[in-house]
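An overview of the molecular structure
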Amino acid sequence: MTTRAHGTPVTWSGANARRLDRQFLSPDASAAARPAHDVSGAVAAMLGAHAQVLSAAELSAGLRTPGTTRTDVRTALWTDRTLVKTFGPRGTVHLLPAGELPMWTGALSAVPAGSSAFPKDARMTPDQVEAVVAAVADSLAGVELTIDELSDEVVARTGPWAGDLVMPAFQGMWPRWRQVLHLAGHRGALCYAPNRGRKATYTNPGTVPMPGPEATAALVRRYLRAYGPATPAHFAQWLAAPRGWAVRLFDALAGAGAIEEVAFGDGGASWVEAGDTRFPSEAPRGVRLLPYFDAFTIASRPRERLFPGAAYERALAGGQAGNFPVLLVDGVVAGVWHQRRSGKRIAVTVEPLRPLTAGRRRELEAQVERVGEVLEGTPQLTVGKVTVGGHA
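Predicted model, so just to flag it, every value in this text is computed and none were measured. (Residues numbered from 1 in each chain as written. Predicted model: local features only at pLDDT ≥ 70, side-chain atom pairs only at ≥ 80, totals over all residues. Heavy atoms only, no water.)

Thoughts on the pairing of strand E5 (residues 165-169)
- Bridge count between E5 and strand E6 (residues 172-175): four bridges; the pairing is antiparallel. By the bridge assignment, Ala169 is partnered in E6 with Gly172.
- Counting the residues in the hairpin turn of E5 and E6 gives two residues. (Pairing = 2+ DSSP bridges. Helix = DSSP H or I, 4+ residues; strand = E, 2+ residues; numbered from the N terminus.)

Quick notes on the packing of aromatic side chains
- On inspection of all chains with the given rule, the structure shows eight aromatic pairs.
- Ring geometry for Trp104 and Trp238: centres 6.2 Å apart, planes at 55°, overall tilted. One end of the pair, Trp104, is in helix H5 (residues 101-108); the other, Trp238, is in helix H10 (residues 232-239), with 134 residues separating them in the sequence. Like Trp104, the residue Trp238 is buried in the burial classification.
- Ring centres 5.0 Å apart and planes at 35° place the aromatic pair Tyr223 and Trp238 in the tilted group. Of this pair, Tyr223 sits in helix H9 (residues 212-227) while Trp238 sits in helix H10, placing them 15 residues apart in sequence.
- Here the aromatic residues Trp104, Tyr223, Tyr227, Phe235, Trp238 and Phe250 are joined through ring pairs into a cluster of three or more.
- If you follow Arg18 out to its NZ or CZ, it ends over the ring of Phe279, 3.8 Å from the centre.
- If you follow Lys85 out to its NZ or CZ, it ends over the ring of Tyr192, 4.7 Å from the centre. (Phe/Tyr/Trp six-rings, centres within 6.5 Å; stacked < 30°, edge-to-face > 60°. Buried < 20%, exposed > 50% of the residue type's maximum accessible area, 1.4 Å probe, protein only. Lys NZ or Arg CZ within 6 Å of the ring centre and 35° of its normal.)

Things to note about helix H2 (residues 39-46)
- By the criterion of burial, H2 is predominantly enclosed, with seven of the eight residues buried.
- Where H2 is concerned, the buried positions are Val39, Ser40, Ala42, Val43, Ala44, Ala45 and Met46.
- Leu47 sits one or two residues past H2 and shows a positive phi near 65°.

Looking at the sheet that holds strand E13 (residues 332-342)
- Taking strand neighbours across the sheet as the criterion, the five strands line up as E11-E12-E13-E14-E15 in an open arrangement whose pairing is mixed. Each edge of the sheet is formed by a strand with only one pairing partner; in this case those strands are strand E11 (287-290) and strand E15 (378-383). Averaged over all pairs of adjacent strands, the angle between strand axes in this sheet comes to 30°, irrespective of strand direction.
- One ladder, built from four bridges, connects E11 with strand E12 (residues 326-329); its direction is antiparallel. Bridge pairing links Val287 to Val329 in E12. (Axes fitted to C-alpha atoms, helices over the stretch in contact; angles between N-to-C directions.)

What follows is the structure, encoded as structure tokens:
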């Protein structure tokens, strides 16, 4: 039996419009009403830019920040150090604001660990995990090391067991200690440094994580401000955290008056930050292009409303968002797109799921031009079938 939700009624249109506005994705006509922001501000609003493919993160940040190019994002990351590339939500590589790293590391290191996916003879004991994380932190203090150099240092500091080749990798086996690489990032012991040639390097950011309870409470409030209304299950899935832990966390915050319930979705309990119950009355308008694994498409729920009708089949991979760059029309997914670079030329193919009006076509052309500006190339638009698969 479904329990009827209490609190302010919230429509899908209102929730979606507010999320778009807070993601700096509303039509440009409303830009004057938004707070001023730079690249790190845009990444903060997203709660991190997925950066497994750095060009996707550059687009996610650049398309939200007028005038920004990929060079600006790289300058913020490697020169100004206002951004940090590290392991973020779901253990995947993200760009995060440097000033928020204490909150992120405090919250991510407080998430209970799930059961190990590795065979018994490949696993590490809790003591071994702690020894490796400490060795990573010590090895990277004040230096930048490639993964092979870091591996040598970790094994030297812990013991030969850390170097046992027990982890299946792309073209061979990785040493045992590598299974906690992302955990070292979550603990604030490791982040990416600039590449050395074509090799990635790592360093210790010198971050002191915020205490776990304080950090997780702050992250929930930030998440709800960006993507609310949302349920504990939504938060757990976004963070790759145990659902029961998320339920208890939300219950504690509700009891403390930090979050409040609203009536949204299918009638179950959804939550927003306490007092944050104002939503736009006008439906979203405009055309947007978003890259692979953009934070808006990953975190917005319910997913079937963001990917309506044919979009659910065409733009998702088995229900998973992010594998296809998407075309948004009036705030919902209305197609997919793909870009291929050759020198300065960027061939952009956009596949709308419904024919575009002349006005929508002009908006799309403007978005394609903006993609070219961010990526510092010359775009050429083709409206037609995208023939490559997901994450191509």
